[in-house]
Structure formats: C-alpha cells, structure tokens
Amino acid sequence: MKNLYLHEDCIISPLGCTTSENLEHLRSGTTGLQKFNKSEFLDTPICAGVVNSEVLAEAFSAIGDPKAFTKLEQMMLLAVHQILIKNPDLNRMETGLIVSTTKGNVHLLEDLCVFKKERLLLSNLGEIIKDFFGFGLKPIVVSNACISGGLALAVAKKMINAGKFNKAVVVGGDMLSKFIVTGFNSFQALSETACKPFSKDRNGINLGEAAAAMLVSDTPKKDSVTISLAGDASANDANHISGPSRTGEGLFKSIQNSLKEAGISSEAIKAVATHGTATLYNDEMEAIAITRSDLGATPLHSVKAYYGHTLGASALIESILCKHMMLNNEIYPSLHFNKLGVSKEINVVTAYQNSINLDYVLKTASGFGGCNLAMVFKKEGQNG
Amino acid sequence: MANLSIDHWVRIKDGKIIADGEVIFASEADIASFLKAAFKFLNIKYPKFHKMDRLSKLGFIASETVMKEEAEISEDTALVFSNNSSSLASDQNYQESIKNFPSPSLFVYTLPNIVLGEISIRFGLKSENVFFIEDEFNAKLLIDYSAQLIESAKANKVLCAWLNLHNVEYDVFLWLSSESHKKEITEEQIRKIYDADYD
C-alpha cells in the first residue's frame, strides 16, 4: 500500500491566518476563545472562537472580492491559496481536491443575502474551490460529522491508492452560525466559559470557526524528515446517535485497527492528540478507549481550549498540529486543565515541552452518529 | 485492487421498492404515506423508526431490505454512502424550530451521517463509515472507496448507497458488495441498475 505524506499546510483561525502564527500562540498558551455576553448567534453568554470578519475580508481581498464569497468560503479559499503559492509547480489539473465540512453555508438558510440557494449545497462548496483555483479533477466532499477533517486525509490515502491521483489538497472548514450555536445549546452542551478538557470541573464545549488545508502526496520529501499517515481506521459505536459509547467501543476498535495498519503496538506511540471536547461524556469515553489501548501513561493533549470545537475543520487542524509537533519535537499543552475528572488514569500535558522525540503520534476523533476515527502519524527519514 | 461483486441491491423511488430487479412493494409516491406503508410492509418491530428523520427512514428501509437476505451479518460490514442534499430537509425543519424553540431532537438529524449511526445500531455494525456529498450519483467513487476498504482488510463487505432526499423527492439506490474472485461489478452495470425503469 502507498503511504500518505503530509506536506505544506495552512490554518486560518482566530489565532492567525498562517500555520506559524497559530503555532506561536499554542506554544505561548494563548487562546483564540472569547467570551460574548450576547452575540449574533445566541442571546445568552457563550465562549467561542470567532474569526474577525473584517480582518478576514481584508486578507481575502488580495485574492478575490470578499462580497462574492461567504465567510466560510473566504477562509477555505485563503487556506488553499497559501498552499498553492508555496507550490507554484503543482499541476492543478492532476491534483485531487478533498473538501471536509459538516454544515458548509448552512447560515444561508436564514438569509440567502446576495447568494443563490445552490450555495447551501456542500457539493457546491467543492465546485467553488475547484473553479477559483482551476483544479482539473472533480472535488470529493466528505461530511461525516466531527471526524470529517481527519477522515478527509484517510479518503486522500485511499484515492491515491486507487490510482486517482498522486497528490491532493485536503481542505476543511466550518463557520459559526445561529443554526450551529443554538443547536449545540439546545443539547445543553455549551460551556459559558473556556472549556476544560478532561478536568473535573469541565462543563461542556466551546464552538469555534476555522479552516485548514494541507497538501498530501504519495512521496516523501527528499533528504529530510517527513510525517506520514501510517495507519487510519474508523469504527461506529453502534450504540447511540447523539452520545458516545460508555465503553469507548468504536474508538477503541479504531485505535486498534490504526495501530495494526501502522504495524506497531501501543508502546510505540509517544503522544496522543485527543478529540477532548470537554463534554462529560466525550472525555470519559475517550479516557476509557485510551486506557483500554494501554495508552494511559502516554502524554496527551486536547487543543479545544485554544480553538473551541471547529467541527469539520477540527480533526484536520489537529492533524496539522501533530505534524508540526513531530517535526519540532514539541507538545502544546492542554489549557485550563486542573484536576483529572475522568474515571481512568491518563497523562494530560499541562506545560509546553520542546525536547520530546515523537516517532509516532496517535490522533483521535469522535462525532455524532456514533462515528470514531483514529490516525497514526509516523516520523520518517530522520538520520537515515 | 480487490474485485467487488454486487450481492443484493435495492432501489427506492416513486413509491416503489425494487429489490434485485423485482418490484416488491408499491404505494403512493407521497413521501409521508410511502414511508409509513413501507415500514409496515417490512413487518418488523422497531419503535425507534418512528423517531427518525425522513433521510434515516429511507436508509433504514433500504438497508433492511438488503440485509434480510443475509444469513449472517458481520460487524465489519462498512458503510459508504453519498448524496447531494446532505441533511437539507432536516436542516430546514430545525431552522424553522429556531424561531420558537430550538429542538435538540431535530438538531441531531442535521448531519447526513446520522443515518449511518441508525443503520449501525440496527445491525450491530462497528465498521468503517464515510458520507460523501456529490452533485449527482457517482458509482465510481463508491466502488473505488469500497475496493480500498476490502483491499486493506478494513471491511469484509460494504453497503454502498446513494441516498438522496430533496424536499419531498427521494432517490435511493443501495447495494451490498463483497470481494469476488470471479466476476467484477463495473461502474456501467451499477449505473444501468440505477437508470433502469421498473414497472
């Protein structure tokens, strides 16, 4: 089987419009979350990761007319643009385009503004990105709840192995809307303050908006270290459509299958980048699946207290962060963690570390519909 | 790459359920009465069905029709689904509810992959899931993805589907694939089943 190698990437979020700006904030422990007593999304207080529309529009105006594109489209197009300008020789006619989103432009249901109703269709979002940059192949759009961004990488790997293309741009994004915020609020899943993944006093998630893009291919960089997706697996809980399994069954199975595909045992994993949304049930389920996989002592983090839960972008952003942690031998801390609040012993990283060799990192994600995903990233090419 | 066969299939459109080429059920095409009558026709007890949104009900009826032909169902039967409208019909219902009382029971169905959860619960499938959004039925993507799942031993069978609901118009084609050492299913054959008229 051909491997999938991770190359150029870009994160557009409240923490910045380039990956390096984002990484600086993660290292210094700076959050992108803000408190709002009242917002366009909800009359009651929320804490959320909001991208400044004016700042975004100004950045976007360098490549297009901000009035002709929704906020989500602007974020996703900017992310892809940054990858393409750094890879001017990329043959766009033969490069795959994989798009991940959960809700796309769902905000247009309330008011179409200047846009046509086709803009509500997620397939249309793929076409917009394709046409903007002149990609030659039909975009593949993945919408599989909160695992979408990571699943898009697994899709890229499978399509490369099916011989569809050798390179692909994977782009994920979701934006905040009244639709999404009131929905999570109706589940009583939102925390009014910054979320505290795995902590005893955690009381729910924060939502965030962001986009991310990554260039992937079947070949590593020459003469340097490259990170690959060595194993990936998804598994459904077959238990509940809106709550995670109490035994962590689907996530446990995903982790086992991803390790198997990578050809390693859990001892080889040096860090776990969790989903860690800070709901009572997700974090408990994840801790169970992690300890069942003999990873209870392995350093782990959640970055949800920096970004909030960015839905269809989250697992892609977190995969990009895994890549940089591995290249830089660093781990970004879990913000706001105080006292362990799950029933199993796990090793939450609370201080920035920059001298840790990460040969293999495990990334996990779970979502509505009972879906779970695990990915094993591998460092290749160091010292021969 | 692994060769796939088509073991069983079902087509649901215009008030009809066609299984492996035979019209097994026909009623009014109106979606509300169709879903009600089709569930009754399945002759099973499954109270959860009545809580589902229409997209999930369609997916449930389709998978039930195909899976009842299987003597044994493996938990590693993957789900590779696609459509064009995502969960738009349920999105519109939820959007309406925001005006008065945002409904969590409507919100939960505002994702296309919820139906994958419903089918997994029904058949105990702890398997690979993916939901693609395409502008139209694209058999090739589903075949290619399924072949990769089987090739990499992540699944031993795959339920593939085009499951679209646009307003009240439904268009469903679901089939069960497994590895074949004899004859391979081609995109053209799948397309032919999808395009055929069944009277």
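Above this text is the structure in question.
A few points on the structure. (Residues numbered from 1 in each chain as written. Chains lettered and ligands numbered in written order. Predicted model: local features only at pLDDT ≥ 70, side-chain atom pairs only at ≥ 80, totals over all residues.)

To continue, consider the interface of chain B and chain A. With 43 residues of chain B at the interface, the matching set in chain A holds 46 residues. For the side of chain B that touches chain A, the secondary-structure elements that each account for two or more residues are α3 (88-98), α4 (104-107), α5 (114-123), β5 (129-133) and α6 (139-151) of chain B. Partitioned by chemical class, the residues of the side of chain B that touches chain A number 21 nonpolar, 14 polar and eight charged. (Contact = placed C-beta atoms within 7 Å. Helix = DSSP H or I, 4+ residues; strand = E, 2+ residues; numbered from the N terminus. Nonpolar A, V, L, I, M, F, W, Y, C, P; charged D, E, K, R; others polar.)

The next point concerns the environment of A:Tyr281. Residues and elements named next belong to chain A. Here Tyr281 shows up in helix α8 (residues 280-292). Owing to 15 C-beta atoms within 10 Å, Tyr281 belongs among the partly exposed residues under this scheme. Between the C-alpha atoms of Tyr281 and Gln74, which are 207 residues apart in sequence, the distance is 34 Å. With near-sequence residues (within four places) excluded, Tyr281 lies in contact with Gly243 and Pro244. (Buried ≥ 20, exposed ≤ 12 C-beta atoms within 10 Å, placed from the backbone.)

Residues and elements named next belong to chain B. Between helix α2 (residues 54-67) and α5, the shortest axis-to-axis distance is 9 Å and the interhelical angle comes to 40°. One element, α2, and the other, α5, form an angle in the oblique class. The crossing of α2 and α5 is right-handed. Contacts between α2 and α5 involve Leu55, Ser56, Gly59, Phe60, Ser63 and Met67 from the former and Ile114, Val115, Glu118, Ile119, Arg122 and Phe123 from the latter. Of the residues contributing to the contact of α2 with α5, the split by class is seven nonpolar, three polar and two charged. (Axes fitted to C-alpha atoms, helices over the stretch in contact; angles between N-to-C directions. Parallel < 35°, antiparallel > 145°, perpendicular 65-115°, else oblique. Left-handed = near helix turned anticlockwise from the far one by under 90°.)

Our focus in this paragraph is the nonpolar core. Residue and element names in this part refer to chain A. Ala79, Ala156, Val170, Ala212 and Val361 are the most contacted members of the largest nonpolar core, which totals 194 residues. No fewer than three residues from each of domain 1 (4-217) and domain 2 (226-380) sit in this core. Not counting chain neighbours up to four residues away, the residues in contact with Ala79 comprise Cys10, Ile12, Val171, Ala211, Ala212 and Ala213. (Core = buried A, V, L, I, M, F, W, Y, C linked by C-beta atoms within 7 Å. Domains from an automatic or database assignment.)

The next subject is the environment of B:Glu96. Residue and element names in this part refer to chain B. Among the secondary structure elements, Glu96 is positioned in helix α3. You can call Glu96 exposed: it has 12 C-beta atoms within 10 Å. Sequence separation between Glu96 and Leu106 is ten residues; the distance between their C-alpha atoms is 10 Å.

Let us look at α5(B). Most of α5(B) sits inside the fold, with seven of its ten residues counted as buried. Within α5(B) the residues assigned to the buried category are B:Ile114, B:Val115, B:Leu116, B:Gly117, B:Glu118, B:Ile119 and B:Ser120. Residues of α5(B) that are buried in the fold lie against β9 (226-236) of chain A together with α2, β4 (77-83), β5 and β6 (157-166) of chain B. The first or second residue beyond α5(B) is B:Gly124, which carries a positive phi of 65°.

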